[in-house]
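Report on the structure
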Amino acid sequence: MTRHRSTLPLALGVPLAVIVATVLLVRSWHGDLPDPVATHWGASGRADGFTSLGMLTLLMTGVVLVLTLVLVAAFTYQRVPARVMTGMTGGLAAFCATLFVTSLLAQRGATDAATVRFDPTWIGIALVAGLLVAGAVAVLTRPDIDAGSTPNEPSPALTLADGSDAVWVGRVTNRVQLAGAALLAVVGLVLLVLPVWPIGLAVLGISALLGLFASWTVTAGDHGLRAHAVPAVVRLGVPVDEITGAEVVQVAPIGDFGDFGGWGVRSGRLASALWSSARARRCWCTAVTSGPSS
Amino acid sequence: MLIVVDRTSADPLFAQVAAGVRTALWRDGLTPGTRLPSAKDLAATLDVNLHTVLKAYQLLRDEGLIELRRGRGAVVTARATDLAGLRASVDQLVDEARRLKVDGSTVLSLVKEALA
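Note that this is a predicted model, so its numbers are computed, not measured.

This brings us to the interface of chain B and chain A. Each side of the interface is counted separately: chain B has 15 residues, and chain A has 16 residues. Around 1300 Å² of area is buried between chain B and chain A when both sides are counted, 52% of it from carbon and sulfur atoms. Counting across the interface, chain B meets chain A through one salt bridge. Its salt-bridge partner being Asp-165 of chain A, residue Arg-7 of chain B comes within 2.4 Å of it at the nearest N-O pair. Counting across the chain B and chain A interface gives five residue pairs in polar contact (both at pLDDT 80 or more). Of all elements in the fold, only strand S1 (2-6) and helix H2 (39-46) of chain B reach the threshold of two or more residues within the side of chain B that touches chain A. Here the side of chain B that touches chain A is built from residues that sort into nine nonpolar, two polar and four charged.

Okay, structure coming up:
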């Protein structure tokens, strides 16, 4: 799968166009807006944060640019489908820009920004604008080109002499999951010393689960295929008499989400076992297909 | 890590298991700190006695290729990765010998002479 050459210009160009249009529009209102303008409203709806129009524009531009770049980098790395990437960057830029414009529109003509109250419809309008732009950009995006992936080479079968036994053992670790578990453990420990300690306990529990299931040991032998996590009580596998074939397939864990549902170990009737390395953005997996169990 | 044992071979099973792990160390490029499968798991999968695998692991520990730690099992040492590098040099030597059409016994005698 390769990106169409128009993908990146769209993913970066739409947010950029939104920023330019927004800045030009807001500049044209310059004389009608209070100075400073309100930038934040409290729970009661009263404005409690103020800054100059120039600074607010710079902040909005910076936030949209940084978000766009982070999304493009992450989605490219993860081989997320082109339409999701362009839709997300365009939609997010439209959401931020609309929120910025609606909040300023309400302040037009006011002499003191503090008199302008927050209106939740601003968020509603921004959400609708974001979704509309995301949908439109996604539709306009040329889908990724399927490079006509070469048929999977069959792995050479291991020839065993009579009286021989063979076993293959491998371990896969999802480092991202492990890092997430470590981060959650730190957050959980911090929360433990605060009045919200029950939440800390829950976070520590989730961290332990993530950590324990980040690493899997896979064994293939005359018994079939087995995979177990660190707590060895959790075992998945396919008995040898149910295995009808084995092949190495290339999947994008997020790009082919419908088929594979992200990283991890899969166990089901059709794709009975599948494991992948979290390090690779597009990784090789071994899929063992099995027939219906009798 | 692929381990093959041949029950009809004259080589003892523990030596075959050790040889399998040794080969896997350089072929799979295992990094220091990588944990090997537990002796219990390996014994069950290969259908050999637990003590056979433990003896193989002890042999590899004596060779400095793995460390046996209580609670952590068998862990690949830095020494094992040094050997993986050495193995790559041996491959180069063999390739060069084949290119020059030098037979195996001559290569072996050259290596013995160099080691002497």
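With that out of the way, let us pick up the pairing of strand S5 (residues 224-229) of chain A. Residue and element names in this part refer to chain A. Where burial is concerned, most of S5 is hidden: five out of the six residues are buried. Two successive antiparallel strands, strand S4 (residues 215-221) and S5, enclose a turn made up of two residues. Here S5 runs beside strand S6 (residues 235-239); their pairing, made up of five bridges, is antiparallel. Each residue of the ladder has a partner; that of Arg-226, found in S6, is Gly-237.

Residues and elements named next belong to chain A. Here helix H1 (residues 7-28) is 22 residues long and its end C-alpha atoms lie 32 Å apart, about the 32 Å a rise of 1.5 Å per residue gives. In H1, a bend of some 30 degrees at Gly-13 exceeds every other bend along the element, and Pro-15, a proline, comes one to four places later. Among the residues of H1, Thr-7, Ala-11, Val-14, Pro-15, Val-18, Ile-19, Thr-22 and Val-26 are the ones counted as buried. Taken together, the buried residues of H1 touch helix H2 (53-77), helix H3 (82-105) and helix H4 (121-140).

All right, on to unusual backbone geometry then. Across the junction of Asp-35 of chain A and Pro-36 of chain A, the peptide omega takes the value 0 degrees, indicating a cis bond. Its location among the elements puts Pro-36 of chain A in the loop between H1 and strand S1 (37-41). Backbone geometry places Asp-47 of chain B, a non-glycine residue, at a positive phi of 60 degrees. Residue position: Asp-47 of chain B is located in the loop between H2 and helix H3 (50-62). Classification of Asp-47 of chain B as exposed rests on a relative accessible area of 56%. Although it is not a glycine, Lys-101 of chain B adopts a positive phi angle of roughly 55 degrees. With relative accessibility at 75%, the residue Lys-101 of chain B sits in the exposed group.

This part is about H4 of chain A. Since the α-helix turns once every 3.6 residues, residues separated by three or four places project in the same direction. All names here are of chain A. Spanning 20 residues, H4 covers 28 Å between terminal C-alpha atoms, matching the ideal 28 Å at 1.5 Å per step. Listing the buried residues of H4 in full gives Trp-122, Ala-126, Ala-129, Gly-130, Ala-134, Val-137 and Ala-138. Looking straight down H4, one finds that the buried residues subtend no more than 155 degrees of arc, so they occupy a single side. Along H4, the residues that are exposed and aim more than 90 degrees away from the buried face are Leu-131, Leu-132 and Val-139. Lining the buried residues of H4 we find H1, S1 and H3.

Rules of the game
Residues numbered from 1 in each chain as written. Chains lettered and ligands numbered in written order. Predicted model: local features only at pLDDT ≥ 70, side-chain atom pairs only at ≥ 80, totals over all residues. Heavy atoms only, no water. Contact = heavy atoms within 4.5 Å. Buried area = accessible area lost by both parts, 1.4 Å probe. Salt bridge = Lys/Arg side-chain N within 4 Å of Asp/Glu carboxyl O. Polar contact = N/O pair within 3.5 Å; in protein donor to acceptor, adjacent residues only side chain to side chain. Helix = DSSP H or I, 4+ residues; strand = E, 2+ residues; numbered from the N terminus. Nonpolar A, V, L, I, M, F, W, Y, C, P; charged D, E, K, R; others polar. Buried < 20%, exposed > 50% of the residue type's maximum accessible area, 1.4 Å probe, protein only. Pairing = 2+ DSSP bridges. Expected span 1.5 Å × (residues − 1). Bend = angle between axes of the 7 residues up to and from the residue. Arc of directions from axis to C-beta.

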